[in-house]
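Examining the three-dimensional arrangement
Listed here are the chains, written in short residue letters.
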Amino acid sequence: MTVAVDIAGYELLAAITERALMAAGTNDADLLDRLLDDWSAAARELPDAPPGHAGPALARAAAAHAQLGVLLRGARDEVGRELARAATGRRTASGYGAGTAAVAASGMHAEHRA
C-alpha cells in the first residue's frame, strides 16, 4: 500500500470539512447537511488509528472543524437572539391587544393621531 492510498481517506475528510466550512459561511444549509452526512460516512471508513503521515490532512480537518464550530455557534446564538426578539414582539403586541380590549369593554373610544 502506498502513502497516497493510506491517507486518501484523511485527505477526503479534510476536503469535506473545508467544503462544510464554506457552506456554513455562505448559509447553504442544504449543502452543509449533505456534507456532514458525507463526513460521517468518510469517518466511518477510517481505521481506528491513523498512520503518522496522515498528520497534515488531520491538521487541516481539525482547523476547518474548529472554524466550523465557531460559525455554527455564532449562527445558533443569532437564532436565539431572533427568537428572543420575536417573543418580545409577541408579548408587546399581546399587551397592546389586551389594552385595546379593555378600552373597548369600557365603552371608551381611543383615537390615534399621527
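Criteria and cut-off values
Residues numbered from 1 in each chain as written. Predicted model: local features only at pLDDT ≥ 70, side-chain atom pairs only at ≥ 80, totals over all residues. Heavy atoms only, no water. Helix = DSSP H or I, 4+ residues; strand = E, 2+ residues; numbered from the N terminus. Buried < 20%, exposed > 50% of the residue type's maximum accessible area, 1.4 Å probe, protein only. Contact = heavy atoms within 4.5 Å. Areas by Shrake-Rupley, 256 points an atom, 1.4 Å probe, with all protein chains shown as cover. Core = buried A, V, L, I, M, F, W, Y, C linked by side-chain atoms within 4.5 Å. Patch = residues over 30% accessible without salt bridge, like charges linked within 9 Å, V, L, I, M, F, W, Y side chains within 5 Å. Salt bridge = Lys/Arg side-chain N within 4 Å of Asp/Glu carboxyl O. Lys, Arg positive; Asp, Glu negative; His and termini not counted. Charge placed at Lys NZ, Arg CZ, Asp CG, Glu CD. pLDDT = per-residue confidence, 0-100.

Some details on the overall build of the protein
Of regular secondary structure, the protein possesses three helices and zero strands. Ordered by position in the sequence, the α and β elements of the protein form the string α-α-α. Counting only residues that meet the buried cut, the protein has 18% of its 114 residues in that class. Of the contacts made within the protein by residues no fewer than 6 positions apart, 73% connect residues no fewer than 24 positions apart. Put simply, the protein shows about 8,100 Å² of open surface, and 62% of that area lies on carbon and sulfur atoms.

Examining the nonpolar core
Counting residues in each nonpolar core, the largest one holds 16 residues, and the members touching the most others are Y10, A20, L32, L35 and L68. Put simply, the parts of the chain that give this core at least two residues each are α1 (3-25), α2 (29-44) and α3 (55-106). Beyond its immediate stretch of four places on either side in the chain, A20 contacts L32, L35 and L68.

Focus: a negative patch on the surface
On the surface, D28, D30, D33, D37 and D38 cluster together into a patch of negative charge. The residue D33 is located in helix α2 in this model. D33 gets classed as partly exposed once you look at its relative accessible area, which sits at 46%.

Looking at the environment of A75
Here A75 lies in helix α3. Looking at A75, the relative accessible area reads 39%, which means it is partly exposed. Along the primary structure A75 and G25 are separated by 50 residues, whereas in three dimensions their C-alpha atoms are 9.8 Å apart.

A short note on the confidence of the model for the protein
Where the model shows low pLDDT, its predicted coordinates should not be examined in detail. Across the protein, the average pLDDT comes to 85, with 80% of residues at 70 or higher. Taking the mean pLDDT of every element in the protein, the minimum, 83, falls on α3 and the maximum, 96, on α2.

Observations concerning unusual backbone geometry
Positive phi values are uncommon outside glycine, yet N27 reaches one of about 60°. Here N27 shows up in the loop between α1 and α2.

A word on the side chain of T17
Within the element layout of this structure, T17 appears in helix α1. The exposure class of T17 is buried, given its relative accessible area of 3%. When sequence neighbours within four positions are dropped, the list of residues in contact with T17 reads W39, A61, A64 and H65.

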